[in-house]
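Okay, here's what each chain looks like letter by letter:
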Amino acid sequence: MQADYYYVTQQREQLDCHLLHRQGCPKMPVKDKLVFIGSLYAPLQAMTIARVRFGQQVKACYFCCQTHKG
Ligand SMILES: [Zn+2]
């Protein structure tokens, strides 16, 4: 398995939530607006860590962190 880098937005966005992104996502903001979560193997793993750090107001980005991708 290959790990990906995951980031969470520092500011809450329009949905009043932090968004979890995977590196390479076209919707990801510039890096100075992101907090690095870690180098991880699955979006769910990244989400777990993100919620420990930011609370329950973290949502997975629709474009890069869908858990059912092939
Ligand atoms: Zn994304």
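Along every chain, residues carry numbers that run from 1 in the direction the sequence is written. Predicted model: local features are reported for residues with pLDDT of at least 70 only, side-chain atom pairs are reported and counted for 80 or more only, and whole-chain, interface and lining totals are derived from all residues.

K.L.:
How do you make sense of the overall build of the protein when you look at a structure like this?
P.N.:
Starting at the N terminus, helices and strands are each numbered in turn, a helix being any DSSP run of H or I of at least four residues and a strand any DSSP run of E of at least two. Scanning the protein for helices and strands turns up one helix and four strands. Each helix and strand of the protein, placed in order from N terminus to C terminus, yields the pattern β-β-β-α-β. Here the protein has a C-alpha radius of gyration of 11 Å; the compact-globule value for 70 residues is 11 Å, and the two agree. Over its C-alpha atoms, taken along the principal directions, the protein stretches across nearly 30 × 25 × 20 Å. Think of it as a crowd count around each C-beta: if 20 or more other C-beta atoms lie within 10 Å the residue is buried, if 12 or fewer it is exposed, and in between it is partly exposed, with C-beta placed from the backbone throughout. Taken over 70 residues, the protein has a buried fraction of 27%. Placing a C-beta atom from the backbone of each residue, one calls two residues in contact when those atoms lie within 7 Å. Taking the intrachain contacts of the protein between residues at least 6 apart in sequence as the baseline, contacts between residues at least 24 apart amount to 62%. Each radius of gyration reported is based on C-alpha atoms, and the globular scaling rule is 2.2 Å times the count of residues to the power 0.38.

K.L.:
Could you clarify how one ought to interpret the sheet that holds strand β1 (residues 4-9) in this entry?
P.N.:
By way of backbone hydrogen bonds, the strands of a sheet pair with one another, either parallel or antiparallel. Judged by pairing direction, the sheet is mixed, and its four strands sit side by side in the order β3-β1-β2-β4 without closing on themselves. In the strand order of this sheet, the two ends are held by β3 (34-40) and β4 (58-60), each with one partner. Averaged over neighbouring strand pairs, the angle between their axes works out to 25 degrees when direction is ignored. For β1 and β3, the ladder comprises six bridges, and the chain directions are antiparallel. When the bridges of β3 are listed, Tyr5 appears paired with Ser39. Note: two strands are recorded as paired if DSSP finds a minimum of 2 bridges between them. Axis angles are defined between N-to-C directions and span 0 to 180 degrees, where every axis is a line fitted to C-alpha atoms and, for a helix, only to the segment in contact.

K.L.:
What am I meant to see in the nonpolar core here?
P.N.:
A set of buried residues qualifies as a nonpolar core if it consists of Ala, Val, Leu, Ile, Met, Phe, Trp, Tyr and Cys joined through C-beta atoms within 7 Å. Val8, Leu20, Ile37, Ala46, Met47, Ala50 and Cys61 are the most contacted members of the largest nonpolar core, which totals 15 residues. If you list the elements that add at least two residues to this core, you get β1, β2 (18-22), β3, α1 (43-54) and β4. In this structure Leu20 touches Tyr6, Val8, Ala46, Met47, Ala50, Val58, Lys59, Ala60, Cys61 and Cys65, once residues within four positions along its chain are discounted.

Keep in mind these values describe shape, not function.
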